[in-house]
Amino acid sequence: MRVQALAEALISRASITPDDAGCQALIAERLAQCGFRAEHLRFGETDNLWITRGSGAPVLALVGHTDVVPPGPLEQWSSAPFEPDVRDGKLYGRGAADMKASIAAMVCAAEEFVAAMPDHTGTLALLLTSDEEGPARDGIQAVMPWLKERGIAIDYALIGEPSSSTRLGDRVRIGRRGSMHGYLTVKGIQGHVAYPELARNPIHQAAPALAQLAATQFDQGNAHFPPTSFQIYEVRAGTGANNVIPGELFVNFNFRYGTASTEASLRAQVESILDAFGLEYELRFRVSSEPFLTVSATLIDAVQAAIQSELGIATVLDTGGGTSDGRFIAPTGAEVVELGPINASIHKIDEHVAVADLEPLARTYRQVIERLLG
Ligand SMILES: [Zn+2]
């Protein structure tokens, strides 16, 4: 019941990204009572909380975000999104699964761990941000350099993102694919549609190259990641007039890629296809996140063992889904694993979490903490 009560208190704070709406103050107040020291870090519009107990290595950080996505049309919700409601064993509210249940479970796990082991080894930290669902610039990405300046290195990061598929703990994430955008401008020569010999149509020129790009398999994937996916998501051309061949065509596309490719290898493949079709073009890329993968075993072993012992199942190590704040933590050398509730309803109308999963999730987190700092 302790986890549920805290989850409800967090859900009732309407923390639409990047507004924290008092969630972090509530958590800091709770944890101060068992010896945690808080650093409230406000960058831009974003509230971040770094709160620790103990000292030295290893540093285990429980990581999460207090912000939520907007609820969408209120009239479609069966109960108000920021008024927690329990029906048929499910706790409903925006952020219930992504990720206020996890945060509540982490806080309760931390409290119970330090009550049982007040002289634990190393440092137990919670790292929370209110900018994960938004641009994510003033959140964990900004906190990591702040930690580095103070000589603090996270050894293990357990992120509470909802990783589970059909049963609590059936999946944990040990990495995420990277994401890279491409912005292509194909140059033609504008002219009258009745005089094509005086123009050069960039749509006609680009079409076979785009078909080739769409049909290309950029890599085969590897043991940890599926093959790279390439998706064109925007194509624009035309002047608005129906008798003008446009002078330019704009194409935006995205790669989701694992460690079987690199940014450079993907760029080179795109350019060689465009060149093979003789296009005149400008091409710009932006990496929004690099792929990451935890292979060292300490944190993974602790999480697998805790799930086996508390939840009675063998979890699957997975790298699916979109990006997460793990992308900012992993490059510092930390081991990163994501474990949280079932993700079927996240970002949807009537988001919910199973009440019966709340205490087991907290017990599993507590066991991970005990295995690393006990
Ligand atoms: Zn989330």
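Residues numbered from 1 in each chain as written. Predicted model: local features only at pLDDT ≥ 70, side-chain atom pairs only at ≥ 80, totals over all residues. Heavy atoms only, no water.

We now examine the packing of aromatic side chains. With the rule as written, the count across this model stands at 6 aromatic pairs. Ring centres 4.9 Å apart and planes at 85° place the aromatic pair F218 and F255 in the edge-to-face group. Placement of F218 in the loop between α5 (202–215) and β12 (229–237) and of F255 in strand β14 (residues 248–257) is noted, with a sequence separation of 37 residues between them. The exposure classification of F218 matches that of F255, with both residues buried. Relative to F255, the ring of F253 has its centre 6.0 Å away and its plane inclined at 85°; by these criteria the two rings are edge-to-face. As far as the burial class goes, F253 and F255 line up, both buried. Members of the aromatic cluster, joined through ring pairs, are F218, F230, F253, F255 and F285. If you follow R87 out to its NZ or CZ, it ends over the ring of Y92, 3.9 Å from the centre. (Phe/Tyr/Trp six-rings, centres within 6.5 Å; stacked < 30°, edge-to-face > 60°. Helix = DSSP H or I, 4+ residues; strand = E, 2+ residues; numbered from the N terminus. Buried < 20%, exposed > 50% of the residue type's maximum accessible area, 1.4 Å probe, protein only. Lys NZ or Arg CZ within 6 Å of the ring centre and 35° of its normal.)

Cis geometry marks the peptide bond from A57 to P58, where omega comes out at -5°. Within the secondary structure layout, P58 lies in the loop between β2 (46–54) and β3 (59–65). A cis amide bond links D98 with the next residue in sequence, M99, at an omega value of -5°. Secondary-structure assignment places M99 in helix α3 (residues 96–116). Even without a glycine there, the phi angle at A136 is positive, about 65°. In this structure, A136 sits in the loop between β6 (123–129) and α4 (140–149). Phi is positive for H347, close to 65°, though the residue is something other than glycine. For H347, the location among the structural elements is in the loop between β18 (335–338) and β19 (352–354).

This part covers the environment of L41. Looking at the element boundaries, L41 is found in strand β1 (residues 37–43). Between the alpha carbons of L41 and W146 there is a distance of 9.2 Å; along the sequence they are 105 residues apart. Not counting residues within four places of it along the chain, the set of residues in contact with L41 comprises T46, D47, N48, W50, V143 and W146. (Contact = heavy atoms within 4.5 Å.)

Turning next to the packing of α3 against helix α9 (residues 358–373). Two elements in contact, α3 and α9, have axes separated by 8 Å at closest approach and are oriented at 50°. Taken together, the axes of α3 and α9 are oblique relative to one another. Crossing handedness for the pair α3 and α9: right-handed. For the pair α3 and α9, contact is made by A101, S102, A105, M106, A109, A110, E112, F113 and A116 and by L358, L361, A362, Y365, R366, I369, E370 and L373, respectively. For the contact of α3 with α9, a count of residues per class yields 13 nonpolar, 1 polar and 3 charged. (Axes fitted to C-alpha atoms, helices over the stretch in contact; angles between N-to-C directions. Parallel < 35°, antiparallel > 145°, perpendicular 65-115°, else oblique. Left-handed = near helix turned anticlockwise from the far one by under 90°. Nonpolar A, V, L, I, M, F, W, Y, C, P; charged D, E, K, R; others polar.)

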